[in-house]
Amino acid sequence: MSDIAQSVADIINENPSTMPGQIATQLGVSEFEVVASLPDDMGTVLPREQLDALMADLPEWGPMTTIVSVAGSIFEFKGSFPKGKPGHGYYNLVTKGEGLHGHLKLDAVAQVALVSKPFMGSDSHSIQMFDASGAIIFKIYLGRDKKRLLLADQVQRFTALKQQIVSAA
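What comes next is a walk through the structure. (Residues numbered from 1 in each chain as written. Predicted model: local features only at pLDDT ≥ 70, side-chain atom pairs only at ≥ 80, totals over all residues. Heavy atoms only, no water.)

1. Observations regarding the sheet that holds strand β5 (residues 90-94)
To keep it simple, the criterion reads: Strands are labelled as partners when DSSP assigns at least two bridges between them. Helix and strand definitions follow DSSP, with helices as H or I runs of at least four residues and strands as E runs of at least two, each counted in order from the N terminus. Here the axes come from fitting lines to C-alpha atoms, over the contacting stretch only for helices, and the angles between their N-to-C directions go from 0 to 180 degrees.
Across the sheet, three strands lie side by side as β4-β5-β6; this open sheet has antiparallel pairing. Only two strands of the sheet have a single neighbouring strand rather than two, namely β4 (83-87) and β6 (102-104). The sheet shows a mean angle of 35° between the axes of neighbouring strands, taken without regard to direction. When β5 meets β6, the two strands line up antiparallel, connected through three bridges. Looking at the pairing, tyrosine 91 lines up with leucine 104 of β6.

Quick look at the structure:
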């Protein structure tokens, strides 16, 4: 086990809800280094070449929470991840009417990770995108029902994707 992995494990054992960004600050490393050092049941790195297929599939998952963190501010959008199409160097999110709009610079996504980590006493699963320096670009958290329970069909999709990656490794 690497020094970073051991440090990450120690911090998580002390407080399982500590977020990867907090751990990264504490250890003086990138957030991706923390996520890549999570125990196997908490973090799985998705091969970068699978990103296009994932982006095409996400609109079928249903309502989720997309989080973008910029300069200490956090922006959240709850709803289905929109379909997209490449154009002019971006993955353009196509939304008719209200919903998440934008233009993703997918070429800037160097790493993708599937993260399963408790947050505030609840199970949590997310898809996280990182740039070449290991900084987070955005995160997509699985949705919850009115009782704050994770949506079972999304958990099944997420788990199947993780198992596919692990099996291929």
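2. Quick word on helix α5 (residues 152-168)
Let me state the cut-off plainly: Helix span is expected to be 1.5 Å times the residue number reduced by one. Partly exposed residues are those whose accessible area sits between 20% and 50% of the maximum for their type, while under 20% is buried and over 50% is exposed, using a 1.4 Å probe and protein chains only. Regarding the arc, it is the one traced by the directions from the helix axis to the C-beta atoms. Whether two residues are in contact is decided by their heavy atoms: any pair within 4.5 Å suffices.
The end-to-end C-alpha distance of α5, which contains 17 residues, comes to 24 Å, matching closely the 24 Å that a straight helix rising 1.5 Å per residue would cover. Of the residues making up α5, those classed as buried are Gln154, Phe158, Leu161, Lys162 and Ile165. For α5, the angular spread of the buried residues around the axis is 95°, confining them to a single face. Seen from the open side of α5, the exposed residues pointing more than 90 degrees away from its buried face are Ala152, Gln156, Val166 and Ser167. On its buried face, α5 is in contact with β1 (43-46), α4 (51-57), β2 (63-70), β7 (111-116) and β8 (125-130).

3. Concerning helix α1 (residues 3-14)
An α-helical turn contains 3.6 residues, so any two residues separated by three or four positions project in the same direction. The end-to-end C-alpha distance of α1, which contains twelve residues, comes to 17 Å, matching closely the 16 Å that a straight helix rising 1.5 Å per residue would cover. For α1, the complete set of buried residues consists of Ala5, Val8, Ala9, Ile11 and Ile12. Looking straight down α1, one finds that the buried residues subtend no more than 165° of arc, so they occupy a single side. Summarising the geometry of α1, the exposed residues directed more than 90 degrees from the buried face are Asp3, Asn13 and Glu14. Summarising the contacts, the buried residues of α1 are in contact with α2 (20-27) and α3 (31-36).

4. Here's the deal with the environment of alanine 168
Counting through the fold element by element, alanine 168 comes out in helix α5. Considering only alpha carbons, one finds alanine 168 and proline 47, 121 residues apart in sequence, at a separation of 10.0 Å.

5. Focus on a nonpolar patch on the surface
Applied cut-off: Here a patch means residues that are over 30% exposed by relative accessible area and free of salt bridges, tied together within 9 Å if like-charged and within 5 Å if nonpolar (Val, Leu, Ile, Met, Phe, Trp, Tyr). In this description, accessible areas are obtained by the Shrake-Rupley approach with a 1.4 Å probe, and a residue is regarded as covered only by the protein chains that are shown. Whenever a carboxyl oxygen of Asp or Glu lies within 4 Å of a side-chain nitrogen of Lys or Arg, that contact is scored as a salt bridge.
Taken together, Val68, Val70 and Phe75 make up a surface patch of nonpolar side chains, about 260 Å² in accessible area. Assignment of secondary structure puts valine 70 in strand β2.

6. Here's the deal with unusual backbone geometry
Within the chain, alanine 71 stands out as a residue other than glycine whose phi angle is a positive 50°. As for its position among the elements, alanine 71 is in the loop between β2 and β3 (73-80). For alanine 71, a relative accessible area of 83% corresponds to the exposed category. In this structure, arginine 148 is a non-glycine residue whose phi angle is positive, near 70°. Inspection of the secondary structure puts arginine 148 in the loop between β9 (136-141) and α5.

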